[in-house]
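Secondary and tertiary structure notes
As a plain string of letters, each chain reads:
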Amino acid sequence: NNARFTWFVNGKKIKGANEALYTTPELEASDNGNEYSCQVTANRIDSDVSTDNIVLWVVAETCRNRCDQEKKDRNERCQCDLWCEEREDCCPDYQARCKPGKPFITQSPAGAVTDNIRVTLTCNAPADLQGEIWEYIWIKQFKLVKGASARTLSFKTIRRDDRALFQCIIVTDQGRSERSEEHVLRVRPGFCDKQRCTESGPSAGELYNECQCDSRCFKRG
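Being a predicted model, the structure only gives us computed values, none of them experimental.

Along the backbone of the protein there are three helices and 15 strands. The buried share among the 221 residues of the protein stands at 32%. If you take every contact in the protein between residues at least 6 apart in sequence, the share linking residues at least 24 apart comes to 47%.

And the structure:
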């Protein structure tokens, strides 16, 4: 089999792409929508056969080159605009790339969680932090969390009472301290207790919960 392969992107020949398998370089959001095709030349019949174009869809999960966007891009899986924190759809590297110089908190699992599951908050140092990290300090609702001096703050079984604003402070061996921005831990009830059992429909606040406990919730699913 002496077939020769030539790859094209948006109608232009890709230099050095002469194998049956083509691996793209590292992709960026700007590569979304590129059209690729392959031309095969068979020596036996001395003719060319081209494939149909295939469209490459790039779903960005990074804020690289996206920190200046002014509004939500609905074609992206995660966002880097000024309101992504409020919507809870920021890319994982939003804080590191778009707000350098400050520690930032990440949460696992991300977003609003239901009670009775394990949740971990992690205090991440900025890339330009000066000095070695000496200590971590955690703040909950503007009060010191006693005994919390590690990089992570874990809740083995999250409760509704744990809903709060959190911050972390990184103290370096040079005596400097850097405070993160506020991180909102949202906890939604995942079961019915006496407080939530009602005959009427859910209240405005209850509409945002994962499940409901009014008399018609079973019919609604």
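Let's shift gears to the packing of aromatic side chains. Under the defined criterion, the tally for this structure stands at three aromatic pairs. Their ring planes at 35° and their centres at 6.2 Å tell us that Y22 and Y36 sit as a pair that is tilted. One end of the pair, Y22, is in the loop between β2 (12-13) and β3 (34-42); the other, Y36, is in strand β3, and 14 residues separate them in sequence. Residue Y22 is classed as partly exposed on the basis of its relative accessible area, which comes to 22%. Measuring from ring centre to ring centre gives 5.9 Å for F155 and F166, while their planes differ by 75°; the resulting arrangement is edge-to-face. In this pair, F155 sits in strand β11 (residues 152-155) while F166 sits in strand β12 (residues 164-172), placing the two residues eleven residues apart along the sequence. By relative accessible area, which is 13% here, F155 ends up buried.

For the rest of this paragraph, the subject is the confidence of the model for the protein. This prediction gives the protein a mean pLDDT of 80; 78% of its residues lie at or above 70. In the model, residues 204-210 has pLDDT below 50 throughout and makes eleven contacts with residues more than four positions away in sequence or in other chains.

Another point: the environment of L121. Looking at the secondary structure, you find L121 in strand β8 (residues 119-124). The exposure class of L121 is buried, given its relative accessible area of 0%. The sequence separation of L121 and W138 amounts to 17 residues, and the corresponding C-alpha distance is 10.0 Å. Filtering out sequence-adjacent residues up to four positions away, L121 remains in contact with I105, T106, Q107, W138, R151, T152, L153, F155, F166 and H183.

Attention now moves to the state of the cysteines. As enumerated under the stated definition, the model contains five disulfides in all. Bridging C67 to C98, the disulfide has an S-S length of 2.0 Å. With the S-S dihedral at roughly -85°, the linkage between C67 and C98 falls on the left-handed side. In this pair, C67 is assigned in the loop between β5 (54-56) and α1 (84-87) and C98 in helix α2 (residues 94-98), connecting sequence segments 31 residues apart. Overall, the relative accessible area of 28% leaves C67 in the partly exposed class.

Attention now moves to the pattern of salt bridges. With the rule as written, the count across this model stands at four salt bridges. Between E181 and K102 there is a salt bridge, and its shortest N-O distance comes to 3.9 Å. Taken together, the positions of E181 in the loop between β13 (177-179) and β14 (183-185) and K102 in the loop between α2 and β6 (104-108) put the pair 79 residues apart, joining distant regions of the chain.

Among the secondary structure elements, L165 is positioned in strand β12. On the basis of relative accessible area, L165 is assigned to the partly exposed category, the value being 23%. Each C-alpha atom of the pair L165 and K140 lies 5.8 Å from the other, and the pair is 25 residues apart in sequence. What L165 contacts, discounting residues up to four positions off in sequence, is I139, K140, Q141, F142, E182, H183 and V184.

Reading guide: rules and limits
- Within each chain, residues carry numbers counting from 1 in the order of the written sequence.
- The predicted nature of this model means local features are confined to residues of pLDDT at least 70 and side-chain atom pairs, given and counted, to a pLDDT of 80 or more, with totals for whole chains, interfaces and linings taken over all residues.
- No hydrogens and no water enter the side-chain calculation; it runs on all heavy atoms of the structure.
- Put simply, DSSP marks the helices as runs of H or I at least four residues long and the strands as runs of E at least two long, and each gets a number from the N terminus on.
- A 1.4 Å probe rolled over the protein chains alone gives each residue an accessible area, and that area as a share of the maximum for its type sets the label: buried under 20%, exposed over 50%, partly exposed in between.
- It only takes one pair of heavy atoms within 4.5 Å for two residues to be counted as in contact.
- Between the rings of Phe, Tyr and Trp (Trp by its six-membered ring), a pair exists once the centres lie within 6.5 Å; its type follows the angle of the planes, with under 30 degrees stacked, over 60 edge-to-face, and the other angles tilted.
- The predictor reports its confidence for every residue as pLDDT, a score running from 0 up to 100.
- By disulfide we mean two sulfur atoms from cysteines, separated by a distance within 2.5 Å.
- Definition used for salt bridges: Asp or Glu carboxyl oxygen within 4 Å of a side-chain nitrogen of Lys or Arg.

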